[in-house]
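These are the residues of each chain, in order.
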Amino acid sequence: MIKLAKTAGFCFGVDRAVNLVYELIEKGEKVCTLGPIIHNNQLVSDLESKGVKIIDDISQCPDGYTVVIRTHGVEKSVIDDADSKGIKYINATCPFVLKIHKIVSEQPDGTVTLIAGDENHPEVMGIRSYCKGKSFVFKNEEELQKILEENKLCDEKSPICVSQTTFSLKEWKKCEKILKKLYTNFRIYSTICNATADRQEEAASISKEADAVIVIGGKHSSNTCKLRDVCKANADTYLIETAEELKNIDLSKYRNIGVTAGASTPSVIIKEVLKTMSEEIKEKEVETTSAVTEEVVETADTADKAAKAAVKASADGEATFEEMLEESFREDENSKVVTGTVVNITPTEVFVDVEGRKQTGVIALDDLSAEPISNPEDAVSIGDKLNLVIMKTDDNEGVLKLSKKLVDAFKGWEDIVAAKESDETLEGTVTAVVKGGVIAVSKGSRVFIPASQTGVPKNQELDILKGTTVRFKIIDVNTARRRAVGSIKVVAAAEKKERQEALWATLKEGMKLTGTVKSLTSYGAFVDIGGMDGMIHISELSWNRIKHPSEVVNVGDVVEVTIKKLDEETKKISLGFKKLEDNPWEIMKRDYPVGTDCKAKIVGLASFGAFANIIPGIDGLIHISQISWDRIKTPADVLSVGDEVDVRITEVDFDKKRVSLSMKELLEKPEETISELADEPAEEAAEEATEE
């Protein structure tokens, strides 16, 4: 028979630290650890193969790397050094160790501290650095007696005693008894980790029933060595690091074998050892209640998953909120909601002291807030009192997994319902894009906003809203399923109407404004003038004839316009774009008076003359009689479209928008023509001029 201890394997602190490192690796970050993250050569080697470096001093951290401080903790000076040098680090110190730091650091200056543990162990060195006075370390009752004899601690004011979290429970009880017997002023704090105590007690129990015990773990691990010592007193005990070492042990001579493992031993190594042992002793029966097996691992997270699903239920309605919430709890009714005080904040978790509970409370970042946050300090501060929901209790580890998000969602639902009743506008953050719409979080509750109510055009992706803050109203609630539906569009429309009414009251015909071209049609351009759209008709875009508005403006152009007309009934605005100074007739009046000689381009021919462009927008007529001193039958005999000719402006009618031009006046008059005209009868010349 092989019996595996249910407490075997990673403790809470180790599991947390190891997962933290692997998560950083998966995110592509460069990681180094201050010393091995745990005392397990196999896991440390796996991390090294993934690029994790081990450094001995925090100043050795390479550029671009994040330092992870291991579970034992470090001396206070190391943290201070990292802060002063701006070194990026994540403190993965076990919360039970941090609790000891807190105890000793909060004592009055000069307080004498006794520490049960190994004075050369990193955890003890870290604890001593936080002490406010003299500190002494002892590893057994003999060393304690010696310290007490050599130092007059009875004269000290309220000395205290703490222990290394992995200290021998059996040895601690002996030392505690001595202190209580000799001194009444000693304040004794039992700081052995619950997981360590339970692990040692179970190991002792298993070893008393077994013929031999296999202890799996690092040979330099303090808690693993303590397990070996506990078991050795009752049965043959073997400390191994891997299954490979089993080949050096003859297991066939033992009928009942116990198996336990240190807090830094990965489950994969435990499984491998169990498999090898079963094969070697031809024994298929392995008795265990441990979370090492796949089946137990899967069921262990059931409550955790259900609680998270309860939050989701408030938005997607897959089950009633009450049903999901009820499923998430496994304890009595009075223990579901607790009050906790924030005592420590890390980049991924918040630790709390829970009123009426001995266990350490932990809130994961994902369970802290329904709002998307990357830093827990954005949501809580040290000393805050929080209402929390117990998602999972791990009595073996002495840890309560808590959720603030679930409490917020439950309390916030009433505010969501009230907002629907009062037609209140809410503000929330879009946290996810889902099928058919988006999810916005407001007052700790999830609100579903259909795509049609987001205000995002059909040709655009809803992803543009993710992470943004939006304003919306609740347009539907299902109280039975705690489902809320919101609309950004309703709020946007109301706000737009309000802005338009305010703007309309200020508009006057003739007012000059600056606007942005929003769209173009074949008949004009629509311009946003600050919350309302006005239209520039195509005829108002240019003094010249154009076929399409795009010849003058493009979408997105900022333009100066003039209000030509306001329709009070339809709220339509007609805009002008052409500037008076650009009017070609004004330019004509200013720069081209009668008598001006200039060049013109032939743009058209007729039987009675030729049309020539003087400046953009103005064509003048060169009568056939003004083309040449010679008699011509048709203008086409001497001119072609596109010819550039010299002309003189002979007459301008600004009312009728007509200009008369002459080429002939710029040509020298032939003598023979003069004599011929002199010989013609006056009546015939007059008649010919009239016909012309």
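Only a predicted model underlies this, so the values are computations on that prediction, with no experimental measurement involved. (Residues numbered from 1 in each chain as written. Predicted model: local features only at pLDDT ≥ 70, side-chain atom pairs only at ≥ 80, totals over all residues. Heavy atoms only, no water.)

> So what's going on with empty space enclosed by the protein? Which residues, and what values?
Summed over all chains, the structure comprises 3 cavities of 30 Å³ or more. Considered as a void within the structure, the largest cavity measures approximately 250 Å³ in volume. Surrounding the largest cavity, 20 residues form its lining, Val14, Thr71, His72, Thr166 and Asn223 being those nearest its centre. Where the lining of the largest cavity is concerned, the elements lending two or more residues are α1 (12–26) and α9 (222–232). Estimates place the volume of the second largest cavity at around 40 Å³. Put simply, the parts of the chain that give the lining of the second largest cavity at least two residues each are α8 (194–209) and α9. (1 Å grid on protein atoms, 1.4 Å probe; cavity = no way out; pocket = protein on both sides within 12 Å on 5 of 7 lines; lining within 4 Å. Points joined across faces, edges and corners; volume = space filled by probe spheres on them. Helix = DSSP H or I, 4+ residues; strand = E, 2+ residues; numbered from the N terminus.)

> Describe in detail a negative patch on the surface, supporting the description with residues and values.
Judged by side-chain charge, Asp118, Glu119, Glu142 and Glu143 come together as a negatively charged surface patch. Mapped onto the elements, Glu119 comes out in the loop between β6 (113–116) and α5 (122–129). (Patch = residues over 30% accessible without salt bridge, like charges linked within 9 Å, V, L, I, M, F, W, Y side chains within 5 Å. Areas by Shrake-Rupley, 256 points an atom, 1.4 Å probe, with all protein chains shown as cover. Salt bridge = Lys/Arg side-chain N within 4 Å of Asp/Glu carboxyl O. Lys, Arg positive; Asp, Glu negative; His and termini not counted. Charge placed at Lys NZ, Arg CZ, Asp CG, Glu CD.)

> How would you summarise the nonpolar core if you had to cite specific residues and measurements?
Counting 26 residues, the largest nonpolar core has Val21, Ile37 and Val68 as its most contacted members. Listing elements by their share of this core, those giving two or more residues are α1, α2 (41–49) and α4 (95–105). Setting aside residues no more than four positions away along its own chain, Val21 makes contact with Val31, Ile37, Leu47, Val52 and Val68. Judged by nonpolar contacts, the second largest core, of 24 residues, contains Leu34, Ile58, Val78 and Ile160. (Core = buried A, V, L, I, M, F, W, Y, C linked by side-chain atoms within 4.5 Å. Buried < 20%, exposed > 50% of the residue type's maximum accessible area, 1.4 Å probe, protein only. Contact = heavy atoms within 4.5 Å.)

> Just give me the short version of a nonpolar patch on the surface, but keep the residues and values in it.
A cluster of nonpolar residues, Val603, Phe608 and Phe611, forms a patch on the protein surface that exposes about 250 Å² of accessible area. Looking at the element boundaries, Val603 is found in strand β29 (residues 597–606).

> How would you explain the pairing of strand β19 (residues 425–434) if you had to name every residue and give the values?
Where β19 lies against strand β22 (residues 469–478), 5 bridges are found, and the strand directions are antiparallel. Bridge assignment links Thr429 to a residue of β22, and that residue is Thr469. Linkage of β19 to strand β20 (residues 437–442), two consecutive antiparallel strands, is achieved through a turn of 2 residues, within which Gly436 is found at a positive phi near 85 degrees. (Pairing = 2+ DSSP bridges.)

> Before we move on, could you go through the pairing of β6 and cite the residues and values that matter?
A two-sided burial pattern is seen for β6, the buried positions comprising Thr113 and Ile115 on one face and Leu114 and Ala116 on the other. Here β6 runs beside strand β7 (residues 135–138); their pairing, made up of 4 bridges, is parallel. Pairing of Leu114 across the sheet is with Phe136, part of β7. As paired elements, β6 and strand β8 (residues 160–163) share 4 bridges and run parallel to each other. Opposite Ala116, over in β8, you have Ser163 as the bridge partner.

> So what's going on with the sheet that holds strand β9 (residues 187–188)? Which residues, and what values?
Two strands in a sheet stick together by hydrogen bonds in their backbones, pointing the same way (parallel) or opposite ways (antiparallel). The sheet built from 4 strands is open, its strands ordered β7-β6-β8-β9 with parallel pairing. Two strands lie at the open edges of the sheet, namely β7 and β9, each paired on one side alone. Across 2 bridges, the pairing between β8 and β9 is parallel. Each bridged residue has a counterpart across the sheet, and for Ile160 the counterpart in β9 is Arg187. On the sheet, α4 packs against β6 and β8 and is oriented at approximately 170 degrees with respect to β8. (Axes fitted to C-alpha atoms, helices over the stretch in contact; angles between N-to-C directions.)

> Go over the pattern of salt bridges with me, naming the residues and quoting the values.
A complete count under the given rule lists 23 salt bridges for this structure. A salt bridge links Asp229 to Arg228, with the shortest nitrogen-to-oxygen separation between them at 3.3 Å. Glu540 serves as the salt-bridge partner of Lys564, at 2.6 Å between the closest nitrogen and oxygen. Of this pair, Lys564 sits in strand β27 (residues 558–567) while Glu540 is found in the loop between β26 (533–537) and β27, placing the two residues 24 residues apart along the sequence. On the basis of relative accessible area, Lys564 is assigned to the partly exposed category, the value being 44%. The exposure class of Glu540 is buried, given its relative accessible area of 17%.

> Would you mind going over the environment of Ser158 in detail, with residue names and values included?
Following the sequence through the fold, Ser158 ends up in the loop between α6 (141–150) and β8. Spatially, the C-alpha atoms of Ser158 and Val112 are 7.9 Å apart, while their sequence positions differ by 46 residues. Residues in contact with Ser158, not counting those within four places in the same chain, are Thr111, Asn185 and Arg187.

> Let's hear about the sheet that holds strand β33 (residues 658–662): which residues, and what values?
The sheet built from 5 strands closes into a barrel, its strands ordered β29-β30-β31-β33-β32 with mixed pairing. For this sheet the average axis-to-axis angle between neighbouring strands, irrespective of direction, equals 50 degrees. Summarising the sheet, β29 and strand β30 (residues 609–615) pair through 5 bridges and their orientation is antiparallel. Looking across to β30, one finds that Leu605 is bridged to Ala610. Packing against the sheet, helix α16 (residues 584–591) makes contact with β30, β31 (618–623), β32 (644–653) and β33, and its axis sits at approximately 85 degrees to β30.

> Break down the packing of α1 against α2 for me, with residues and values.
Two elements in contact, α1 and α2, have axes whose closest approach is 11 Å; the angle formed by their N-to-C orientations is 15 degrees. When the axes of α1 and α2 are compared, the pair comes out roughly parallel. The two elements α1 and α2 cross, and the hand of that crossing is left-handed. Side by side, α1 and α2 meet where Val18, Val21, Tyr22 and Ile25 of the first sit next to Leu43, Asp46 and Leu47 of the second. (Parallel < 35°, antiparallel > 145°, perpendicular 65-115°, else oblique. Left-handed = near helix turned anticlockwise from the far one by under 90°.)

> Tell me about the side chain of Thr165, residues and numbers included.
Positionally, Thr165 belongs in the loop between β8 and α7 (169–182). Assessed through its relative accessible area of 6%, Thr165 is described here as buried.

> How would you explain the packing of α8 against α9 if you had to name every residue and give the values?
Closest axis-to-axis distance for the α8/α9 pair is 8 Å, and the angle between their directions is 30 degrees. Viewed along their axes, α8 and α9 form a crossing whose handedness is right-handed. Counting all contacts with α8, which are made through Arg199, Gln200, Ala203, Ala204 and Ser207, the residues of α9 involved are Lys226, Leu227, Val230 and Cys231. When the residues that make up the contact of α8 with α9 are grouped by side-chain class, the tally is 5 nonpolar, 2 polar and 2 charged. (Nonpolar A, V, L, I, M, F, W, Y, C, P; charged D, E, K, R; others polar.)

> Give a description of the layout of surface pockets that names residues and reports values.
Reported here for the second largest pocket is a volume of approximately 1,100 Å³. Forming the boundary of the second largest pocket are 41 residues, of which Pro95, Leu98, Lys99, Ile100 and Lys102 lie nearest the centre. When contributions to the lining of the second largest pocket are tallied by element, the ones reaching two or more residues are β5 (89–91), α4, α8, β14 (337–345) and β15 (349–354). The greatest single-element share of the lining of the second largest pocket, amounting to 9 residues, is contributed by α4. Along the lines of polarity and charge, the residues of the lining of the second largest pocket split into 23 nonpolar, 12 polar and 6 charged.

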